[in-house]
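Listed here are the chains, written in short residue letters.
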Amino acid sequence: QVQLVESGGGLVQRGGSLRLSCAASGRIFSISTMGWYRQGPGKQRELVATITRGGNINYADSVKGRFAVSRDNAWGTVYLQMNSLKAEDTAVYYCNAVVITLSSYWGQGTQVTVSS
């Protein structure tokens, strides 16, 4: 079992920055891929960025060049640095972890609101 807790969300003006953190606990040694997803108002949950244990990164086209994902394998922590935020980035951001058995775990989500 893996538990995930996000932090760092909040209200920010357009063009501003926020940094999200996600701390894993439990069987962190079994985590292969960690990442971030988001769900905006009236929208389906979508991928933002993922990072494997080996450091391979994947970004959604909509955030390339603005967001940066990183992780600390030793502590089971993943971060999302969000710059040049836009109104359309407003969403609940969820941390995700996939373990070696391919089970997937989710955090409770953290709200990010970008005011225009």
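Structural data are supplied above this passage.
Residues numbered from 1 in each chain as written. Predicted model: local features only at pLDDT ≥ 70, side-chain atom pairs only at ≥ 80, totals over all residues. Heavy atoms only, no water.

1. Description of the environment of Tyr94
Part 1: Mapping Tyr94 onto the fold places it in strand β9 (residues 91–99).
Part 2: Residues Tyr94 and Val5, spaced 89 residues apart in sequence, show a C-alpha to C-alpha distance of 9.2 Å.
Part 3: Leave out the neighbours within four places in its chain, and Tyr94 touches Glu6, Gly35, Trp36, Tyr37, Gln39, Arg45, Trp106, Gly107, Gln108 and Gly109. (Helix = DSSP H or I, 4+ residues; strand = E, 2+ residues; numbered from the N terminus. Contact = heavy atoms within 4.5 Å.)

2. Here we look at the side chain of Ser30
Part 1: By the element assignment, Ser30 lies in the loop between β3 (18–26) and β4 (31–39).
Part 2: Among all residues touching Ser30, those that are not within four sequence positions of it are Val2, Val98, Val99 and Ile100.

3. Examining the pattern of salt bridges
Part 1: Summed over all chains, the structure comprises 4 salt bridges.
Part 2: Across the pair Arg38 and Asp89 runs a salt bridge whose closest N-O atoms are separated by 2.9 Å. In this pair, Arg38 sits in strand β4 while Asp89 sits in the loop between β8 (77–82) and β9, placing the two residues 51 residues apart along the sequence.
Part 3: Where Asp89 meets Arg66, a salt bridge forms, and the shortest distance between an N and an O atom there is 2.7 Å. In this pair, Asp89 sits in the loop between β8 and β9 while Arg66 sits in the loop between β6 (57–59) and β7 (67–72), placing the two residues 23 residues apart along the sequence.
Part 4: Residues joined in a network through salt bridges with shared partners are Arg38, Glu46, Arg66 and Asp89. (Salt bridge = Lys/Arg side-chain N within 4 Å of Asp/Glu carboxyl O.)

Interpretation in functional terms is not warranted from these geometric data alone.
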